[in-house]
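Take a look at the letters that make up each chain.
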Amino acid sequence: MIDSHAHVAAEQFDEDRDRVIARIKEAGIVWIEVGTTVEESRKALEFPHASVGVHPYDVAGISEEDWQ
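It should be emphasised that the depicted structure is a prediction, and the values quoted were computed from it without experimental measurement.

A. Looking closely at the nonpolar core. Ala6, Val8, Ala9, Val20, Ile21, Ile24, Trp31 and Phe47 form the largest nonpolar core, which has eight residues in total. For Ala9, the contacting residues outside a window of four places in its chain are Asp14, Arg17, Glu33, Lys43 and Phe47.

As structure tokens, then:
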């Protein structure tokens with residue numbers, strides 16, 4: 001099974017992220033970590049499968065450096 005849209009890197013999982021990931025793997029699920037801001041997208045790249053981008057609500061605050 002593939003979860004095509006997960007946010008395991010979100011701050012609400014800071015306390016138990018390792019346990020959450022272990023449970024996901026035990027269930028045989030592969031997930032795609034999704035970043036919707038520059039910061040979240042950078043964090044998503046730390047996971048085996050990632051989708052990176054910037055949500056339309058956040059595009060106005062993106063710098064040229066962020067796009068690079």
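So, next bit.
B. Spatial organisation of the environment of Gly28. By secondary structure assignment, the location of Gly28 is in the loop between helix 1 (17-26) and strand 2 (30-34). Between the alpha carbons of Gly28 and Met1 there is a distance of 6.9 Å; along the sequence they are 27 residues apart.

C. Spotlight on the packing of aromatic side chains. Going through the model one piece at a time under the given rule, you end up with one aromatic pair. Plain terms: the ring middles of Trp31 and Phe47 are 5.7 Å apart, the flat faces sit at 65° to each other, and that makes the pair edge-to-face. Taken together, the residues Trp31 in strand 2 and Phe47 in the loop between helix 2 (38-44) and strand 3 (50-51) connect sequence positions 16 residues apart. Judged by its relative accessible area of 14%, Phe47 falls in the buried class.

What counts as what
- Residues numbered from 1 in each chain as written.
- Predicted model: local features only at pLDDT ≥ 70, side-chain atom pairs only at ≥ 80, totals over all residues.
- Heavy atoms only, no water.
- Core = buried A, V, L, I, M, F, W, Y, C linked by side-chain atoms within 4.5 Å.
- Buried < 20%, exposed > 50% of the residue type's maximum accessible area, 1.4 Å probe, protein only.
- Contact = heavy atoms within 4.5 Å.
- Helix = DSSP H or I, 4+ residues; strand = E, 2+ residues; numbered from the N terminus.
- Phe/Tyr/Trp six-rings, centres within 6.5 Å; stacked < 30°, edge-to-face > 60°.

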